[in-house]
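Chain and residue survey
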Amino acid sequence: MNLLRPGQAGYADEITGFQTAVATAPAAVVAAESAEDVVAAVRYAAGHGLSVAVQATGHGLTAGTDGVLISTRRMTGVEIDPGTRTARVEAGARWEAVIEAAGEHGLAPLSGSSPDVGVVGYTLSGGFGLMARRYGRAADHVRALDVVTADGELRRVEPGSDLFWALRGGRDGFGVVTAIEFALLPVRELYGGSLTFDSADVPAVLRVWRTWSAAAPDTLTTSVAMIQYPDLPMVPAPVRGRHVAQVRIAYLGENGDDVVAPLRAAAPALADTLRTIPFTESGSIAAEPRQPHGYHGTNATVSQLNDAMLDAVLEHAGPGAAAPPVLIIDRLGGALARNPETPGVGWDSSAEYVVRALSVVDGDGVADVRRAHAKLFDALAPWTTGRLLPFVYGEHAPEEVAESVFPAADLRRLRELKRRYDAGNVFRAG
Ligand SMILES: Cc1cc2nc3c(=O)[nH]c(=O)nc-3n(C[C@H](O)[C@H](O)[C@H](O)COP(=O)(O)OP(=O)(O)OC[C@H]3O[C@@H](n4cnc5c(N)ncnc54)[C@H](O)[C@@H]3O)c2cc1C
(Lines give C-alpha, C1' and ligand atoms only; values in the text may rest on other atoms or scores of the structure.)
Protein backbone atom coordinates (compact mmCIF):
# COMPACT_ATOMS: atom_id res chain seq x y z
CA MET A 1 0.00 0.00 0.00
CA ASN A 2 1.53 3.32 -1.12
CA LEU A 3 0.61 5.82 1.62
CA LEU A 4 1.54 9.49 1.21
CA ARG A 5 1.41 12.20 3.86
CA PRO A 6 1.30 16.00 3.43
CA GLY A 7 4.67 17.30 2.27
CA GLN A 8 5.86 13.95 0.88
CA ALA A 9 6.84 13.75 -2.80
CA GLY A 10 3.83 12.76 -4.88
CA TYR A 11 1.19 13.84 -2.31
CA ALA A 12 0.20 17.06 -4.12
CA ASP A 13 0.06 15.34 -7.53
CA GLU A 14 -2.07 12.53 -6.19
CA ILE A 15 -4.79 14.82 -4.81
CA THR A 16 -4.92 17.03 -7.91
CA GLY A 17 -7.87 16.25 -10.15
CA PHE A 18 -10.01 17.82 -12.88
CA GLN A 19 -11.91 20.10 -10.46
CA THR A 20 -9.46 22.70 -9.10
CA ALA A 21 -11.91 24.88 -7.12
CA VAL A 22 -12.18 22.50 -4.14
CA ALA A 23 -9.36 22.69 -1.61
CA THR A 24 -8.57 19.38 0.04
CA ALA A 25 -5.91 18.39 2.58
CA PRO A 26 -6.23 14.71 3.50
CA ALA A 27 -4.21 13.44 6.46
CA ALA A 28 -3.01 10.65 4.14
CA VAL A 29 -3.47 9.61 0.54
CA VAL A 30 -3.43 5.97 -0.48
CA ALA A 31 -2.39 5.52 -4.10
CA ALA A 32 -4.26 2.24 -4.53
CA GLU A 33 -3.22 -0.29 -7.17
CA SER A 34 -5.58 -3.12 -6.25
CA ALA A 35 -8.68 -4.07 -4.28
CA GLU A 36 -6.34 -5.35 -1.54
CA ASP A 37 -4.82 -1.85 -1.25
CA VAL A 38 -8.33 -0.42 -0.83
CA VAL A 39 -9.10 -2.99 1.90
CA ALA A 40 -5.85 -2.08 3.68
CA ALA A 41 -6.61 1.66 3.38
CA VAL A 42 -10.13 1.34 4.81
CA ARG A 43 -8.84 -0.79 7.71
CA TYR A 44 -6.01 1.70 8.34
CA ALA A 45 -8.48 4.61 8.41
CA ALA A 46 -10.89 2.75 10.71
CA GLY A 47 -8.01 1.84 13.01
CA HIS A 48 -6.94 5.49 13.26
CA GLY A 49 -10.44 6.98 13.59
CA LEU A 50 -10.14 8.70 10.21
CA SER A 51 -12.81 9.19 7.54
CA VAL A 52 -12.42 7.76 4.02
CA ALA A 53 -12.98 9.61 0.75
CA VAL A 54 -12.34 8.34 -2.77
CA GLN A 55 -11.18 10.03 -5.94
CA ALA A 56 -10.70 8.73 -9.47
CA THR A 57 -10.52 11.69 -11.90
CA GLY A 58 -11.74 14.54 -9.68
CA HIS A 59 -14.54 15.52 -12.13
CA GLY A 60 -17.12 15.22 -9.38
CA LEU A 61 -15.09 16.54 -6.45
CA THR A 62 -17.44 18.58 -4.27
CA ALA A 63 -15.81 18.74 -0.84
CA GLY A 64 -12.35 18.41 0.64
CA THR A 65 -11.40 15.79 3.18
CA ASP A 66 -9.12 15.73 6.22
CA GLY A 67 -9.18 11.94 6.52
CA VAL A 68 -7.76 9.25 4.23
CA LEU A 69 -8.20 9.83 0.50
CA ILE A 70 -8.11 6.67 -1.58
CA SER A 71 -6.89 7.54 -5.06
CA THR A 72 -7.99 4.92 -7.59
CA ARG A 73 -6.36 6.44 -10.67
CA ARG A 74 -3.91 3.51 -11.08
CA MET A 75 -6.71 0.91 -11.10
CA THR A 76 -7.44 1.18 -14.81
CA GLY A 77 -8.15 -2.43 -15.88
CA VAL A 78 -10.86 -2.91 -18.53
CA GLU A 79 -12.04 -6.36 -19.72
CA ILE A 80 -14.71 -6.90 -22.36
CA ASP A 81 -16.65 -10.14 -22.75
CA PRO A 82 -18.24 -9.83 -26.21
CA GLY A 83 -20.19 -13.08 -25.70
CA THR A 84 -22.22 -11.74 -22.79
CA ARG A 85 -21.80 -8.08 -23.88
CA THR A 86 -20.35 -7.24 -20.47
CA ALA A 87 -17.55 -4.90 -19.39
CA ARG A 88 -15.64 -5.38 -16.15
CA VAL A 89 -13.88 -2.18 -15.21
CA GLU A 90 -11.64 -1.22 -12.31
CA ALA A 91 -12.33 1.81 -10.12
CA GLY A 92 -9.99 4.28 -11.83
CA ALA A 93 -10.91 3.65 -15.48
CA ARG A 94 -12.21 6.53 -17.60
CA TRP A 95 -14.93 6.12 -20.23
CA GLU A 96 -12.42 6.65 -23.00
CA ALA A 97 -10.76 3.29 -22.26
CA VAL A 98 -14.08 1.41 -22.21
CA ILE A 99 -15.34 3.09 -25.40
CA GLU A 100 -12.14 2.05 -27.22
CA ALA A 101 -12.10 -1.54 -25.91
CA ALA A 102 -15.84 -2.13 -26.46
CA GLY A 103 -15.66 -0.54 -29.92
CA GLU A 104 -13.31 -3.30 -31.08
CA HIS A 105 -16.28 -5.68 -30.70
CA GLY A 106 -18.93 -3.38 -32.21
CA LEU A 107 -20.24 -2.54 -28.73
CA ALA A 108 -20.69 0.70 -26.79
CA PRO A 109 -21.20 1.65 -23.12
CA LEU A 110 -23.78 4.10 -21.74
CA SER A 111 -21.14 6.82 -21.42
CA GLY A 112 -21.78 10.54 -21.24
CA SER A 113 -20.67 13.71 -22.95
CA SER A 114 -17.04 13.52 -21.81
CA PRO A 115 -14.90 10.38 -22.31
CA ASP A 116 -12.55 11.83 -19.68
CA VAL A 117 -15.01 11.19 -16.80
CA GLY A 118 -14.54 8.18 -14.49
CA VAL A 119 -16.76 5.14 -15.12
CA VAL A 120 -17.48 4.33 -11.48
CA GLY A 121 -18.27 7.85 -10.18
CA TYR A 122 -20.47 8.50 -13.22
CA THR A 123 -22.38 5.22 -12.96
CA LEU A 124 -22.90 5.42 -9.20
CA SER A 125 -24.28 8.97 -9.75
CA GLY A 126 -26.96 7.48 -12.04
CA GLY A 127 -25.16 8.11 -15.30
CA PHE A 128 -27.12 10.21 -17.76
CA GLY A 129 -25.52 9.53 -21.12
CA LEU A 130 -25.54 10.12 -24.85
CA MET A 131 -28.05 7.30 -25.43
CA ALA A 132 -30.13 7.92 -22.28
CA ARG A 133 -33.51 8.32 -23.99
CA ARG A 134 -32.99 5.03 -25.83
CA TYR A 135 -31.54 2.88 -23.01
CA GLY A 136 -32.04 4.75 -19.70
CA ARG A 137 -29.47 5.41 -17.00
CA ALA A 138 -26.08 3.68 -16.85
CA ALA A 139 -26.81 2.67 -13.23
CA ASP A 140 -29.74 0.56 -14.40
CA HIS A 141 -27.46 -1.59 -16.61
CA VAL A 142 -24.97 -2.59 -13.90
CA ARG A 143 -24.65 -6.35 -13.34
CA ALA A 144 -22.34 -6.54 -10.31
CA LEU A 145 -20.09 -4.44 -8.09
CA ASP A 146 -17.08 -5.23 -5.95
CA VAL A 147 -17.10 -2.90 -2.95
CA VAL A 148 -15.07 -2.45 0.23
CA THR A 149 -17.44 -1.54 3.06
CA ALA A 150 -16.71 0.33 6.31
CA ASP A 151 -15.81 -2.92 8.12
CA GLY A 152 -12.91 -3.38 5.68
CA GLU A 153 -14.53 -6.35 3.88
CA LEU A 154 -14.42 -6.72 0.09
CA ARG A 155 -17.91 -7.82 -1.02
CA ARG A 156 -19.33 -8.74 -4.40
CA VAL A 157 -22.83 -7.28 -4.66
CA GLU A 158 -25.39 -8.39 -7.22
CA PRO A 159 -29.11 -7.91 -7.96
CA GLY A 160 -31.16 -8.69 -4.88
CA SER A 161 -28.69 -7.14 -2.43
CA ASP A 162 -29.48 -3.89 -0.61
CA LEU A 163 -26.06 -2.47 -1.40
CA PHE A 164 -26.51 -3.25 -5.10
CA TRP A 165 -29.60 -1.05 -5.00
CA ALA A 166 -28.10 1.75 -2.83
CA LEU A 167 -24.85 2.19 -4.72
CA ARG A 168 -26.53 2.52 -8.13
CA GLY A 169 -27.73 6.10 -7.97
CA GLY A 170 -27.03 6.67 -4.26
CA ARG A 171 -23.26 6.95 -4.91
CA ASP A 172 -21.81 8.25 -1.66
CA GLY A 173 -21.44 6.89 1.79
CA PHE A 174 -21.56 3.10 1.48
CA GLY A 175 -18.07 2.03 0.47
CA VAL A 176 -15.33 2.11 -2.14
CA VAL A 177 -16.19 0.28 -5.33
CA THR A 178 -13.11 -1.50 -6.63
CA ALA A 179 -14.66 -2.90 -9.85
CA ILE A 180 -17.93 -2.68 -11.72
CA GLU A 181 -19.57 -4.95 -14.30
CA PHE A 182 -22.19 -3.62 -16.70
CA ALA A 183 -23.97 -4.31 -19.97
CA LEU A 184 -22.72 -3.01 -23.30
CA LEU A 185 -25.01 -2.17 -26.21
CA PRO A 186 -24.68 -3.25 -29.84
CA VAL A 187 -23.98 0.25 -31.15
CA ARG A 188 -21.17 0.81 -33.67
CA GLU A 189 -22.07 4.25 -34.94
CA LEU A 190 -24.56 7.05 -34.51
CA TYR A 191 -25.66 10.23 -36.24
CA GLY A 192 -24.35 12.98 -34.03
CA GLY A 193 -22.60 16.27 -33.51
CA SER A 194 -23.81 19.80 -32.98
CA LEU A 195 -25.29 22.85 -34.65
CA THR A 196 -23.99 26.17 -33.34
CA PHE A 197 -26.00 29.38 -33.72
CA ASP A 198 -25.01 33.01 -33.13
CA SER A 199 -26.20 35.29 -30.28
CA ALA A 200 -28.96 37.02 -32.24
CA ASP A 201 -30.54 33.65 -33.08
CA VAL A 202 -30.34 32.17 -29.56
CA PRO A 203 -33.94 33.04 -28.48
CA ALA A 204 -35.46 31.65 -31.70
CA VAL A 205 -33.29 28.50 -31.62
CA LEU A 206 -34.32 27.75 -28.02
CA ARG A 207 -37.98 27.78 -29.05
CA VAL A 208 -37.44 25.71 -32.20
CA TRP A 209 -35.42 23.16 -30.19
CA ARG A 210 -38.18 22.96 -27.55
CA THR A 211 -40.87 22.12 -30.12
CA TRP A 212 -38.61 19.77 -32.09
CA SER A 213 -37.22 17.87 -29.08
CA ALA A 214 -40.70 17.47 -27.52
CA ALA A 215 -41.65 15.23 -30.47
CA ALA A 216 -38.29 13.44 -30.75
CA PRO A 217 -38.26 9.63 -30.93
CA ASP A 218 -36.59 7.67 -28.11
CA THR A 219 -33.67 6.95 -30.43
CA LEU A 220 -32.71 10.62 -30.20
CA THR A 221 -31.01 12.16 -27.17
CA THR A 222 -30.46 15.90 -27.36
CA SER A 223 -29.57 19.00 -25.41
CA VAL A 224 -29.13 22.68 -26.11
CA ALA A 225 -26.20 24.52 -24.53
CA MET A 226 -25.73 28.27 -24.27
CA ILE A 227 -22.07 29.20 -24.03
CA GLN A 228 -20.21 32.51 -23.83
CA TYR A 229 -16.87 31.82 -25.52
CA PRO A 230 -13.94 34.01 -24.45
CA ASP A 231 -12.26 36.26 -26.98
CA LEU A 232 -8.98 34.34 -26.92
CA PRO A 233 -6.74 33.15 -29.76
CA MET A 234 -7.10 29.42 -28.86
CA VAL A 235 -10.90 29.57 -29.35
CA PRO A 236 -11.95 28.59 -32.93
CA ALA A 237 -12.77 31.64 -35.09
CA PRO A 238 -16.51 31.03 -35.67
CA VAL A 239 -17.34 31.14 -31.96
CA ARG A 240 -14.50 33.28 -30.53
CA GLY A 241 -15.92 36.04 -28.28
CA ARG A 242 -19.51 35.09 -29.07
CA HIS A 243 -22.47 33.90 -27.01
CA VAL A 244 -23.87 30.93 -28.88
CA ALA A 245 -26.56 28.28 -28.66
CA GLN A 246 -25.30 24.81 -29.48
CA VAL A 247 -27.77 22.01 -30.15
CA ARG A 248 -26.19 18.61 -29.41
CA ILE A 249 -27.53 15.42 -30.90
CA ALA A 250 -26.93 11.67 -30.61
CA TYR A 251 -29.35 9.79 -32.85
CA LEU A 252 -29.51 6.01 -33.30
CA GLY A 253 -32.14 5.90 -36.07
CA GLU A 254 -32.25 6.29 -39.85
CA ASN A 255 -32.29 9.46 -42.01
CA GLY A 256 -30.51 11.78 -39.58
CA ASP A 257 -30.40 14.69 -42.03
CA ASP A 258 -34.19 14.60 -42.41
CA VAL A 259 -34.72 14.42 -38.64
CA VAL A 260 -32.61 17.54 -37.97
CA ALA A 261 -33.95 19.54 -40.96
CA PRO A 262 -36.21 21.78 -38.76
CA LEU A 263 -33.18 22.78 -36.70
CA ARG A 264 -31.04 23.53 -39.73
CA ALA A 265 -33.90 25.71 -40.99
CA ALA A 266 -34.12 27.65 -37.69
CA ALA A 267 -31.24 30.02 -38.50
CA PRO A 268 -27.90 29.99 -40.34
CA ALA A 269 -25.45 27.85 -38.32
CA LEU A 270 -22.00 29.16 -37.37
CA ALA A 271 -20.85 25.54 -37.30
CA ASP A 272 -22.50 22.25 -38.28
CA THR A 273 -20.71 19.03 -37.27
CA LEU A 274 -23.67 16.65 -37.67
CA ARG A 275 -22.77 13.43 -39.48
CA THR A 276 -22.60 9.67 -38.99
CA ILE A 277 -19.68 8.90 -36.68
CA PRO A 278 -18.29 5.78 -35.04
CA PHE A 279 -19.30 5.61 -31.36
CA THR A 280 -15.58 5.86 -30.54
CA GLU A 281 -15.82 9.53 -31.65
CA SER A 282 -18.84 10.29 -29.46
CA GLY A 283 -16.75 12.64 -27.29
CA SER A 284 -16.68 15.05 -30.26
CA ILE A 285 -20.45 15.74 -29.94
CA ALA A 286 -20.07 18.07 -26.93
CA ALA A 287 -16.27 18.43 -27.30
CA GLU A 288 -15.92 19.34 -23.63
CA PRO A 289 -12.64 20.77 -22.31
CA ARG A 290 -10.13 18.28 -20.95
CA GLN A 291 -7.86 20.68 -19.08
CA PRO A 292 -8.48 20.87 -15.30
CA HIS A 293 -10.24 24.01 -14.06
CA GLY A 294 -12.45 25.28 -11.23
CA TYR A 295 -16.23 25.26 -11.57
CA HIS A 296 -19.43 25.48 -9.59
CA GLY A 297 -22.77 24.27 -10.77
CA THR A 298 -26.22 22.98 -10.06
CA ASN A 299 -29.34 21.88 -11.90
CA ALA A 300 -33.08 21.41 -11.71
CA THR A 301 -35.33 18.81 -13.28
CA VAL A 302 -38.51 20.43 -14.54
CA SER A 303 -41.95 19.20 -15.55
CA GLN A 304 -42.21 21.43 -18.64
CA LEU A 305 -40.41 24.14 -20.60
CA ASN A 306 -42.86 27.00 -21.04
CA ASP A 307 -42.30 30.52 -22.39
CA ALA A 308 -41.86 32.04 -18.93
CA MET A 309 -39.07 29.53 -18.24
CA LEU A 310 -37.32 30.21 -21.54
CA ASP A 311 -37.55 33.96 -20.83
CA ALA A 312 -35.96 33.37 -17.40
CA VAL A 313 -33.21 31.25 -18.94
CA LEU A 314 -32.46 34.02 -21.47
CA GLU A 315 -32.55 36.75 -18.82
CA HIS A 316 -30.13 35.00 -16.45
CA ALA A 317 -27.98 33.00 -18.86
CA GLY A 318 -28.61 34.45 -22.33
CA PRO A 319 -26.49 36.76 -24.47
CA GLY A 320 -27.46 39.85 -22.44
CA ALA A 321 -26.75 38.42 -18.96
CA ALA A 322 -23.97 40.08 -16.93
CA ALA A 323 -21.92 36.88 -16.35
CA PRO A 324 -23.72 34.06 -18.15
CA PRO A 325 -22.99 30.53 -16.95
CA VAL A 326 -22.76 27.62 -19.36
CA LEU A 327 -26.44 26.68 -19.47
CA ILE A 328 -27.52 23.27 -20.73
CA ILE A 329 -31.08 22.03 -21.17
CA ASP A 330 -31.40 18.26 -21.74
CA ARG A 331 -34.53 16.58 -23.02
CA LEU A 332 -35.44 13.69 -20.67
CA GLY A 333 -38.30 11.21 -21.26
CA GLY A 334 -38.03 8.12 -23.45
CA ALA A 335 -36.45 5.19 -21.60
CA LEU A 336 -35.66 7.58 -18.72
CA ALA A 337 -39.40 7.73 -18.00
CA ARG A 338 -39.85 3.94 -17.89
CA ASN A 339 -39.17 1.52 -15.05
CA PRO A 340 -35.89 -0.36 -15.54
CA GLU A 341 -35.68 -4.14 -15.04
CA THR A 342 -33.44 -3.87 -11.96
CA PRO A 343 -34.02 -0.35 -10.60
CA GLY A 344 -31.37 1.48 -8.62
CA VAL A 345 -32.13 4.42 -6.36
CA GLY A 346 -35.03 6.24 -7.99
CA TRP A 347 -35.28 9.61 -9.53
CA ASP A 348 -38.17 11.66 -10.80
CA SER A 349 -39.02 9.83 -14.01
CA SER A 350 -41.88 12.29 -14.69
CA ALA A 351 -39.40 15.15 -15.26
CA GLU A 352 -39.34 16.29 -18.89
CA TYR A 353 -36.11 18.33 -18.95
CA VAL A 354 -33.09 19.07 -16.79
CA VAL A 355 -31.68 22.60 -16.73
CA ARG A 356 -28.05 22.81 -15.67
CA ALA A 357 -25.84 25.84 -14.96
CA LEU A 358 -22.09 25.74 -14.63
CA SER A 359 -19.74 28.65 -14.05
CA VAL A 360 -15.98 28.71 -14.09
CA VAL A 361 -14.58 29.96 -10.77
CA ASP A 362 -11.05 30.53 -9.54
CA GLY A 363 -11.55 30.52 -5.77
CA ASP A 364 -12.87 34.09 -5.52
CA GLY A 365 -16.25 34.87 -6.95
CA VAL A 366 -17.96 31.69 -5.70
CA ALA A 367 -20.53 33.70 -3.72
CA ASP A 368 -21.40 35.80 -6.81
CA VAL A 369 -21.77 32.65 -8.92
CA ARG A 370 -24.09 31.05 -6.35
CA ARG A 371 -26.22 34.20 -6.22
CA ALA A 372 -26.45 34.33 -10.02
CA HIS A 373 -27.38 30.63 -10.26
CA ALA A 374 -29.93 31.06 -7.45
CA LYS A 375 -31.74 33.80 -9.40
CA LEU A 376 -32.10 31.51 -12.40
CA PHE A 377 -33.28 28.48 -10.42
CA ASP A 378 -35.64 30.58 -8.27
CA ALA A 379 -37.37 31.63 -11.50
CA LEU A 380 -37.77 27.95 -12.47
CA ALA A 381 -38.98 26.90 -9.01
CA PRO A 382 -42.73 26.64 -9.86
CA TRP A 383 -41.98 23.84 -12.33
CA THR A 384 -38.99 22.23 -10.55
CA THR A 385 -39.34 18.58 -9.55
CA GLY A 386 -35.86 17.79 -8.20
CA ARG A 387 -32.16 17.58 -9.11
CA LEU A 388 -29.82 15.11 -10.78
CA LEU A 389 -26.89 14.04 -8.58
CA PRO A 390 -24.17 13.99 -11.28
CA PHE A 391 -24.66 17.66 -12.11
CA VAL A 392 -24.37 19.09 -8.57
CA TYR A 393 -20.92 20.64 -8.31
CA GLY A 394 -20.36 21.94 -4.81
CA GLU A 395 -23.32 24.28 -4.69
CA HIS A 396 -25.46 22.85 -1.88
CA ALA A 397 -25.06 21.24 1.55
CA PRO A 398 -25.15 17.40 1.43
CA GLU A 399 -28.55 17.21 3.21
CA GLU A 400 -30.07 19.62 0.71
CA VAL A 401 -28.65 17.58 -2.17
CA ALA A 402 -30.04 14.35 -0.73
CA GLU A 403 -33.51 15.79 -0.21
CA SER A 404 -33.72 17.26 -3.70
CA VAL A 405 -32.16 14.30 -5.54
CA PHE A 406 -33.81 11.24 -3.97
CA PRO A 407 -37.53 10.41 -3.71
CA ALA A 408 -38.55 10.52 -0.02
CA ALA A 409 -39.06 6.74 0.33
CA ASP A 410 -35.68 6.03 -1.26
CA LEU A 411 -33.99 8.56 1.01
CA ARG A 412 -35.46 6.81 4.09
CA ARG A 413 -34.18 3.45 2.82
CA LEU A 414 -30.75 4.93 2.04
CA ARG A 415 -30.53 6.32 5.60
CA GLU A 416 -31.49 2.94 7.08
CA LEU A 417 -28.83 1.19 4.99
CA LYS A 418 -26.27 3.82 5.96
CA ARG A 419 -26.93 3.01 9.64
CA ARG A 420 -26.57 -0.72 8.89
CA TYR A 421 -23.41 -0.61 6.76
CA ASP A 422 -21.59 2.47 8.08
CA ALA A 423 -22.89 3.34 11.55
CA GLY A 424 -19.59 5.09 12.36
CA ASN A 425 -19.91 7.28 9.23
CA VAL A 426 -16.47 6.33 7.93
CA PHE A 427 -17.52 7.38 4.41
CA ARG A 428 -18.65 10.90 5.23
CA ALA A 429 -17.50 12.89 2.18
CA GLY A 430 -20.72 13.58 0.24
C1 LIG B 1 -16.85 17.71 -18.01
C2 LIG B 1 -17.87 16.84 -17.31
C3 LIG B 1 -18.78 16.12 -18.06
C4 LIG B 1 -19.74 15.30 -17.44
N5 LIG B 1 -20.65 14.64 -18.18
C6 LIG B 1 -21.59 13.88 -17.58
C7 LIG B 1 -22.61 13.22 -18.33
O8 LIG B 1 -22.67 13.33 -19.56
N9 LIG B 1 -23.52 12.47 -17.66
C10 LIG B 1 -23.47 12.32 -16.29
O11 LIG B 1 -24.32 11.60 -15.74
N12 LIG B 1 -22.53 12.93 -15.57
C13 LIG B 1 -21.61 13.71 -16.18
N14 LIG B 1 -20.70 14.38 -15.42
C15 LIG B 1 -20.76 14.24 -13.96
C16 LIG B 1 -19.95 13.04 -13.49
O17 LIG B 1 -20.62 11.85 -13.86
C18 LIG B 1 -19.84 13.08 -11.96
O19 LIG B 1 -19.18 14.26 -11.59
C20 LIG B 1 -19.09 11.87 -11.44
O21 LIG B 1 -19.24 11.80 -10.04
C22 LIG B 1 -17.62 11.94 -11.78
O23 LIG B 1 -16.96 10.78 -11.38
P24 LIG B 1 -15.36 10.71 -11.43
O25 LIG B 1 -14.94 9.41 -10.89
O26 LIG B 1 -14.90 11.10 -12.79
O27 LIG B 1 -14.94 11.90 -10.47
P28 LIG B 1 -14.34 11.88 -8.99
O29 LIG B 1 -14.34 13.34 -8.59
O30 LIG B 1 -13.04 11.20 -8.93
O31 LIG B 1 -15.42 11.12 -8.15
C32 LIG B 1 -16.64 11.75 -7.85
C33 LIG B 1 -17.36 11.05 -6.74
O34 LIG B 1 -17.75 9.78 -7.19
C35 LIG B 1 -17.69 8.86 -6.13
N36 LIG B 1 -16.73 7.81 -6.47
C37 LIG B 1 -15.73 7.85 -7.39
N38 LIG B 1 -15.09 6.67 -7.42
C39 LIG B 1 -15.69 5.88 -6.50
C40 LIG B 1 -15.47 4.54 -6.05
N41 LIG B 1 -14.51 3.78 -6.56
N42 LIG B 1 -16.27 4.04 -5.09
C43 LIG B 1 -17.28 4.80 -4.56
N44 LIG B 1 -17.51 6.07 -4.93
C45 LIG B 1 -16.73 6.60 -5.90
C46 LIG B 1 -17.21 9.63 -4.91
O47 LIG B 1 -18.33 10.12 -4.21
C48 LIG B 1 -16.49 10.80 -5.52
O49 LIG B 1 -16.48 11.92 -4.67
C50 LIG B 1 -19.74 15.20 -16.02
C51 LIG B 1 -18.82 15.92 -15.26
C52 LIG B 1 -17.90 16.75 -15.89
C53 LIG B 1 -16.96 17.56 -15.05
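As the structure is a prediction and not an experimental result, all values here were calculated from the model. (Residues numbered from 1 in each chain as written. Predicted model: local features only at pLDDT ≥ 70, side-chain atom pairs only at ≥ 80, totals over all residues. Heavy atoms only, no water.)

We now examine the packing of helix α7 (residues 202–214) against helix α10 (residues 307–317). α10 packs onto α7 with a crossing angle of 140° between their chain directions and a minimal axis gap of 11 Å. In the crossing of α7 with α10, the sense of the turn from one axis to the other is right-handed. On α10, the residues touching V202, P203, L206, R207 and R210 of α7 are D307, L310, D311, V313 and L314. Classifying every residue of the contact of α7 with α10 by side-chain character gives six nonpolar, no polar and four charged. (Axes fitted to C-alpha atoms, helices over the stretch in contact; angles between N-to-C directions. Helix = DSSP H or I, 4+ residues; strand = E, 2+ residues; numbered from the N terminus. Left-handed = near helix turned anticlockwise from the far one by under 90°. Contact = heavy atoms within 4.5 Å. Nonpolar A, V, L, I, M, F, W, Y, C, P; charged D, E, K, R; others polar.)

A word on the sheet that holds strand β8 (residues 154–157). The antiparallel open sheet is built from five strands, whose spatial order is β5-β6-β9-β7-β8. Of all strands in the sheet, those with a lone pairing partner are β5 (78–81) and β8, marking the two edges. Strand-to-strand twist of the sheet, defined as the mean angle between neighbouring strand axes without regard to direction, takes the value 10°. One ladder, built from four bridges, connects strand β7 (residues 142–148) with β8; its direction is antiparallel. Note on β8: the bridge partner recorded for D146 is R156. Here helix α6 (residues 162–170) sits on the sheet in contact with β7, β8 and β9 (176–183), set at roughly 95° to β7. (Pairing = 2+ DSSP bridges.)

Quick look at the domain arrangement of the protein now. When its domains are assigned, the protein resolves into domain 1 (2–71), domain 2 (78–186) and domain 3 (189–405). A straight line from the C-alpha centre of domain 1 to that of domain 3 covers 32 Å. Counting residues at the interface gives eight residues for domain 1 and 11 residues for domain 3. For the pair domain 1 and domain 3, the two sides together bury roughly 700 Å², of which 57% comes from carbon and sulfur. Looking only at domain 1, the three residues that lose the most surface to domain 3 are F18, Q19 and T62, adding up to 61% of its buried area. Run the count over domain 1 and domain 3 and you get zero salt bridges. Where domain 1 touches domain 3, the interface holds five residue pairs in polar contact (both at pLDDT 80 or more). Residues belonging to the side of domain 1 that touches domain 3 are distributed by class as follows: two nonpolar, six polar and no charged. (Domains from an automatic or database assignment. Buried area = accessible area lost by both parts, 1.4 Å probe. Salt bridge = Lys/Arg side-chain N within 4 Å of Asp/Glu carboxyl O. Polar contact = N/O pair within 3.5 Å; in protein donor to acceptor, adjacent residues only side chain to side chain.)

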